[in-house]
Structure formats: C-alpha cells, structure tokens
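Structural characterization, general
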Amino acid sequence: MAIQGIYYDGKTSRAHRVTLSVSDGLATISGEVERHCALDLLRVSERTRHAKRKVTFPDEAVFEVEDADAFENMLNDTGFSDSVIVRAQQSWRGTILALALTAFVLVTGYLYGLPLAASLTAKALPESIEHSIGSGMLDFLDQRILAPSELPAARQDALTARFAAMRSPKEGVPAYTIVYRKSRIGPNAFALPSGQIIMTDELIKLMDNDDQVISVLAHELGHLHERHLMRRLIQSSAVGAIVTLIFGDASAVVANIPTLMLDMHYSREAEREADDYAIAMLKANGIALTQMAHGFEKLKQAIGEDPSGAYLSSHPSTAERIERIQRAQ
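Analysis parameters
- Residues numbered from 1 in each chain as written.
- Predicted model: local features only at pLDDT ≥ 70, side-chain atom pairs only at ≥ 80, totals over all residues.
- Heavy atoms only, no water.
- Helix = DSSP H or I, 4+ residues; strand = E, 2+ residues; numbered from the N terminus.
- Expected span 1.5 Å × (residues − 1).
- Buried < 20%, exposed > 50% of the residue type's maximum accessible area, 1.4 Å probe, protein only.
- Contact = heavy atoms within 4.5 Å.
- Pairing = 2+ DSSP bridges.
- Core = buried A, V, L, I, M, F, W, Y, C linked by side-chain atoms within 4.5 Å.
- Salt bridge = Lys/Arg side-chain N within 4 Å of Asp/Glu carboxyl O.
- pLDDT = per-residue confidence, 0-100.
- Phe/Tyr/Trp six-rings, centres within 6.5 Å; stacked < 30°, edge-to-face > 60°.
- Axes fitted to C-alpha atoms, helices over the stretch in contact; angles between N-to-C directions.
- Parallel < 35°, antiparallel > 145°, perpendicular 65-115°, else oblique.
- Left-handed = near helix turned anticlockwise from the far one by under 90°.

1. Some remarks on helix 12 (residues 289-303)
Along its 15 residues, helix 12 runs 22 Å from first to last C-alpha, staying within 8% of the 21 Å computed at 1.5 Å per residue. Within the sequence span of helix 12, burial applies to Leu289, Gln291, Met292, Ala293, Gly295, Phe296 and Leu299. If you follow the buried residues of helix 12, they end up packed against helix 6 (201-206), helix 7 (210-226), helix 11 (268-284) and helix 13 (318-328).

Printed below as a string of structure tokens:
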C-alpha cells in the first residue's frame, strides 16, 4: 500500500509530491524524493480532528499525510498503536476522567499537601530568615497603618514584665518582643514571624483589665509557637509560584505581595490552636478563663462578629470561641 503526501526535507520550505509505502519494517519515500528509513526511527503525530498527521524522520524531515483513512489502515497493518495517553485524549470519557482526576489532585494537594509541606518548611527555616521577613513586614506596616504608641512607657513596661513572668504551657518558647503601636485600623494584635507581637493602644484601652490583655498576648504567642504566619506565607508564595508557572507572568504576583501581607488570614484551625495555647497558658498561671471570654466579647462589640478588616487575623465566631473556653474550664 502506498499513500500520497507532501515531503519537506527540513532544510528548505520546498514541498515535494511523494508517496509513502511500508515493507519489511522499512518506510520508503518515492516520487520527487527517494529515501528509506527504518520504522522504529520514525515519529508519528497524534490524531487530531482537523490537522493533518505527520511522519517525522530522524533528520527532522517531514511527510505530511493527505489521506488520513489510508494512513490509519497502514498504521494498523504495521502494528502501530497510539500510547494510552493519546488514546485517552481521543475519548470523551478519558478526557472527563482526566479532568476529574486533575481537579481531585489539585484540591487534595491544596487542602492537605500544601499545608503539610508549608508546616515542615516553616519548621526547617533558619530563624534569620524569619527575622528578615518579619522586620520588613513591620517596616511596611509602620509606613501605612501603624504609628508610634502613645501608651506611657511605664504602662508598656508593666504589661511586658507581667507577660514575661507567665509560664508557657509548652517547651521551647520562641523568642519574642512585644511592640506597642498606635493603629489606624482600631483595636488589634498580631504576631510577625520575627517574634514581634504587635499590640495596639486601642486594644489595650478596649480591655477591662490586664488579664484580658494578657489573654490576647497568649493567643499571639501561640501563633508564634506554632509558626502559623510563616506557614501561611509559604502556602501563599507556593500558590503564587504555581500561578507563575502556569501563566508565565510573575508581575501580577509580585505586585500583590504588599496586599497579600496585609490580607493574610490564618485558617480557623490555626486560630483554634492559638486559642487552645492561650487557654492552657492562662490555666497554668491561675488566670480565670472568663477573662479571655470577656475579652472576645469586647472585641466583638468593637469590630463586629467577623473581624475581616483586622490585619493578619481571621477568627472563628465569638460564640464558638467562648463555648470552647467554657468547655476547657
């Protein structure tokens, strides 16, 4: 059997009218060009709905098929078979299965694989890297939303000393520094990877007593101990890197890094872990858990049920948190 087609030698754009025949494991081109080649050295293009199929020679010369049905019969006669992937691409069932499998892998990886990888990476990072990132973040926040604290130095020293005297519920307490700032966004507290716990004047004034302030600091120390923010930053950076690999443009990701830092939310699981850490710390130091619950109520009254506008934090509902505290008493 011989089939008609166009031959390109791979060196010029000239098209040659030829025929292709196969015999005894050898492909033969006849017509305006004469050549032979072993079948196992040829590459056959995949089947598509509209494009012509091609046979590529070792030197990148190409035979372009004109009669697709005749070529298919020739391939069958030679025992040629498309790969499993190619056959799946030709099947709508295979396509749907591949899409479903891809979606499953992406969702599973995002929900479970990425958090686990981020946690392991965060624990393996040297402290110098965390300090560098945290320092840059504090500079960024000082330029945009924070201002020097107006809280008297004696008051700051008293709160710092009180918290420093607290016993931690876990071994290996991370090094931390309490940084007092005035805020343009209302009462808030958050921890940076460098070990700086930012406490705003507005939050201190909002609380009824120092025990409530201490419970907030204990919560933030829990975030530091579990390295929650570093884990979230690693996860978000990984997602950005994947987007860059897919779309090939890193400019959008880079441009949004400042916004990402300001809008960084902990997962609910991380918030519960930090709450549990604070609960254990208060109990270890003889502070009533009702103080922590009352502090949550004060925050709810000040910033609403869902503090979505609070930088670097995202929390379960106040009712859920209070119920968790009550169960721990």
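2. Observations concerning the sheet that holds strand 4 (residues 35-38)
The strand order 4-3-2-1-7-6-5 describes an open sheet built from 7 strands, whose pairing is antiparallel. Edge positions in the sheet fall to strand 4 and strand 5 (43-44), since each of these pairs with one other strand and no more. Here strand 2 (residues 16-23) pairs with strand 3 (residues 26-31) via 6 bridges, running antiparallel. Bridge pairing in strand 3 places Leu20 opposite Ile29.

3. Looking at the nonpolar core
Among the nonpolar cores identified, the biggest contains 33 residues, and Phe163, Met199 and Leu217 are the most heavily contacted of them. Take this core: its biggest share by element is 7 residues, from helix 7. The contacts of Leu217, once residues within four sequence positions are left out, are Phe163, Ile178, Ile197 and Met199. Formed by 18 residues, the second largest nonpolar core is a distinct cluster that contains Val18, Ile29, Phe57 and Phe71.

4. Examining the pattern of salt bridges
The tally for this structure, following the rule as stated, stands at 13 salt bridges. A salt bridge links Asp59 to Arg35; its shortest N-O distance comes to 3.3 Å. In this pair, Asp59 is assigned in the loop between strand 6 (54-56) and strand 7 (62-65) and Arg35 in strand 4, connecting sequence segments 24 residues apart. For Asp59, a relative accessible area of 43% puts it in the partly exposed group. Note that Asp210 and Arg155 form a salt bridge whose closest N and O atoms lie 2.8 Å from each other. Remark: Arg155 occurs in helix 5 (residues 153-164) and Asp210 occurs in helix 7; sequence separation between them is 55 residues.

5. Examining the confidence of the model for the chain
On average, residues of the chain carry a pLDDT of 80, and 74% of them reach 70 or more. When mean pLDDT is taken per element in the chain, helix 5 scores highest with 96 and helix 10 (residues 257-262) scores lowest with 46. Low pLDDT (under 50) marks residues 252-264, which in the prediction has 18 contacts with non-local residues, meaning those over four places away or in another chain. This model gives residues 306-314 a pLDDT under 50, and the stretch forms 25 contacts once residues within four places in sequence are excluded.

6. Notes on the pairing of strand 3
Taken together, strand 2 and the strand that follows it, strand 3, pair antiparallel across an intervening segment of 2 residues, in which Asp24 is found at a positive phi of about 50°. Between strand 3 and strand 4, which pair antiparallel in sequence order, lie 3 residues.

7. Quick notes on the packing of aromatic side chains
For any two aromatic rings, the description comes down to two numbers: the centre-to-centre distance and the angle of the planes. Using the criterion set out here, one finds 2 aromatic pairs in the structure. For the ring pair Tyr7 and Phe57, a centre distance of 6.0 Å and an interplane angle of 75° mean the geometry is edge-to-face. Taken together, the residues span a long stretch of sequence, with Tyr7 in strand 1 (residues 2-8) and Phe57 in the loop between strand 6 and strand 7 at a distance of 50 residues. The same class applies to Tyr7 and to Phe57, which are both buried.

8. Concerning the packing of helix 5 against helix 7
Following both chains from N to C, one finds helix 5 and helix 7 inclined at 60°, their axes separated by 10 Å at the closest point. Looking at the two axes, helix 5 sits oblique to helix 7. Crossing of helix 5 against helix 7: the hand is right-handed. Of the residues in helix 7, those in contact with Arg155, Leu159, Arg162 and Phe163 of helix 5 are Asp210, Asp211, Val213, Ile214, Leu217, Ala218 and Leu221.

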